[in-house]
Amino acid sequence: MDPKERSIDKASQEMIARMAEAGQQNAWDRLDAQAPQCGFGKQGICCRICTMGPCRITKKAPLGVCGATADTIAARNLLRMIASGAAAHSDHGRDVAHTFKMAIESDSCDYTIKDELKLREVAARYGIKVEGRDTKEIGSDLANAVLAEFGKQDGTLVSIAAYPPPARQKVWEELGVTPRAIDREIVEIMHRTHMGVGSDHKNLIKQGIRASLADGWGGSLIATELSDILFGSPWPIRFGANLGVLDAKKVNIIVHGHEPSLSDIIVAVSQEPELIKMAEDKGATGINLSGICCTSNEILMRHGIPVAGNFLQQELALMTSVVEVMLVDVQCIMPSLGSLSNCFHTKLITTSPKCKIDGAEHIEFHEDRAIETARKIIKIAIENFENRKGKGKIPKATERGIAGFTTENIFYHLGGRFRSSYRPLNDNIINGRIRGAAGVVGCNNPKQVHDYGHLTMIKELIKNDVIVVSTGCSALAAGKAGLMRPDAAAKYCGEGLAEVCEAVGIPPVLHVGSCVDNSRILTILSNIVAEGGLGEDISELPAAGAAPEWMSEKAVSIGMYFVASGVYTVIGEPLPILGAPNLTRYLTEEIEKDFGGKWAFERDPIKAAHMMIEHIESKRDALGINKEKERKLYDMADRRALTIE
Ligand code: NFS
Ligand code: SF4
């Protein structure tokens, strides 16, 4: 086993080698042990929905016992992936909404409203009167309005009428996929995929689309908007990234998972002088907080807390043996952490009633006792410092970068403080300095060399003057590789994109947050449309999406809402549908006629990048902005359009 075949990340290679030496297993080893993986599962043609089955589709047996075809079976399986992914994002959104409601209604709550301006903006979108009313009144109405989005019995999502371009709303209306209520669409997936309900794969997919739209433009959007209001809207901020951010002399606490409620409080409490003093009394020089996965993105964007790593580094982080506490809430937490943490002094602490793990200690987190719980957990970490054996082994590799871009603050960077608008971005797309925009997002997957897909694709895109926005573990990969440094523009970008980035002082890869913050990409695209000059709908934009190393069901929901919003979306591992020819043809070809977006599968990140670039150029052609133009030096008007006032 050569660690280089598993990861292109130096710090990870070092820890992978160390795990092998110590005889510890990781995700890559377990993947090897799983080989060969089940072909029926891979192709999506195994059904275990009822006990007449399980049924597997073969040449000899092309129908399940009930008569279901490969297309029906694969469509139902895919829908259930979407249900789970949309549920994960949206339940996260619901939890933030409850915390928000508590912060608004209680005077003794540990949370306060950090962004009143955004509160007013979002409330206005939800049709709530803001003039002449105070925070409490507006906030209370907003809390009730967003909570109603999950379970109301009549009408459609308010956000669907408030955020996407009108042309897009019309497409959904005509196709009958406008989401009604978030929970309802997920429940209806479970109903429609029960034995003996629908078998028409296109009609099944329709419901998958409706639930995914309820995720992207509903649950995930609520999570993003309310997190900004509650924890503060991000602002460009410097950060350090990779396992090298762990500190041998300090008490190391890693937060891992997704929801920001606990981690945000941990950030504040870890700076309390009494706790720092306690750590010093134990012989440490302080408390060092860092993050893994999307929790990392949340506290990185808002507080500049360093990134320890992305999804495939969670086990590697423990292997440094300098982690006092790894604190987890929900999603993307490998069960293996339980037994692995027990090989070291590290305490794995679960905090959500939804997620208990064998081998972990459970300290339940309740929003109404947030600070108290945070202190308790930090004290456990401090007490545990003296149990650390030896100096541990922390890889040296770290990088620096800038994160914290949002739909709202991109205005400032691209438009200047006095002309807050997407105009300069649109103009630079129209004049061709920027060819288009790509969202590169999603997970890691040990089936692909860790981080290779993300980095290779992103570099190829920016080399071809496509600006990249990134979230999730993809953003963390880009941060670790130095692609979020402003000087990355000169190093990696084509001439046009480099000019724009250098003039504005932004990196060519913009970190826009966690996976629920893919909703920011939706609203950025909506703003580009609204700014004008690039068509009436998201499907007309020179834009594309990708998840080169995806693995989770959340990624399926994300991909589906991007496709259904009109975005061409290329993913690394194919969706598990290839055994279903009609379904595959629908999702990778025919769906474009309906929704303007479609799926593509390509494991080679360079090829995938060029598929995206080709798509972007075809959209430019359709918009008529691909006229051959002379290259000219910047004149004053150009410069004014670019500089930050
Ligand atoms: Ni997104 Fe975030 Fe990472 Fe994938 Fe998991 S952490 S929600 S699912 S693995 S990007
Ligand atoms: Fe087999 Fe049909 Fe039952 Fe699925 S629902 S397990 S295809 S009989």
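Our subject is the structure that appears above.
All of these numbers come straight from a predicted model, not from anything done at the bench.

(A) Just the coordination of the nickel atom of ligand 1, in detail. The sole protein-derived ligand of the nickel atom of ligand 1 is Cys 515 (SG), positioned 2.2 Å away. Considering all 4 donor atoms around the nickel atom of ligand 1, the spread of angles at the metal, 91 to 157°, places the coordination shape in the irregular class. Among the secondary structure elements, Cys 515 is positioned in the loop between strand S13 (509-511) and helix H23 (518-531).

(B) Structural context of the pattern of salt bridges. Applying the stated criterion across every chain, the model contains 45 salt bridges. Residue Glu 14 is joined to Lys 393 by a salt bridge in which the shortest nitrogen-to-oxygen separation is 3.4 Å. Linking Glu 14 in helix H1 (residues 10-22) with Lys 393 in the loop between helix H16 (370-384) and strand S10 (399-403), this pair joins segments that are 379 residues apart in sequence. Of the residues examined, Glu 14 reaches a relative accessible area of 30% and is grouped as partly exposed. A residue is classified by how much of its surface remains accessible, and Lys 393, at 33% relative accessible area, is partly exposed. In this structure, Glu 324 engages Arg 388 in a salt bridge whose closest nitrogen and oxygen atoms are separated by 2.8 Å. One end of the pair, Glu 324, is in strand S7 (residues 323-328); the other, Arg 388, is in the loop between H16 and S10, and 64 residues separate them in sequence. A relative accessible area of 0% places Glu 324 in the buried class. The class of Arg 388 is buried, set by a relative accessible area of 12%.

(C) Structural detail: the site of ligand 2. For ligand 2, the set of nearby residues contains 13 residues, the closest of which are Cys 47, Cys 50, Gly 53, Cys 55 and Cys 66. In the shell around ligand 2, the residues fall into 10 nonpolar, 2 polar and 1 charged.

The rules behind the values
Residues numbered from 1 in each chain as written. Chains lettered and ligands numbered in written order. Predicted model: local features only at pLDDT ≥ 70, side-chain atom pairs only at ≥ 80, totals over all residues. Heavy atoms only, no water. Donors = N, O, S within 2.8 Å, 3.2 Å for Na, K, Ca; no water. Tetrahedral: all angles 85-135°; square planar, octahedral: opposite > 155°, others 65-115°. Helix = DSSP H or I, 4+ residues; strand = E, 2+ residues; numbered from the N terminus. Salt bridge = Lys/Arg side-chain N within 4 Å of Asp/Glu carboxyl O. Buried < 20%, exposed > 50% of the residue type's maximum accessible area, 1.4 Å probe, protein only. Near = heavy atom within 4 Å. Nonpolar A, V, L, I, M, F, W, Y, C, P; charged D, E, K, R; others polar.

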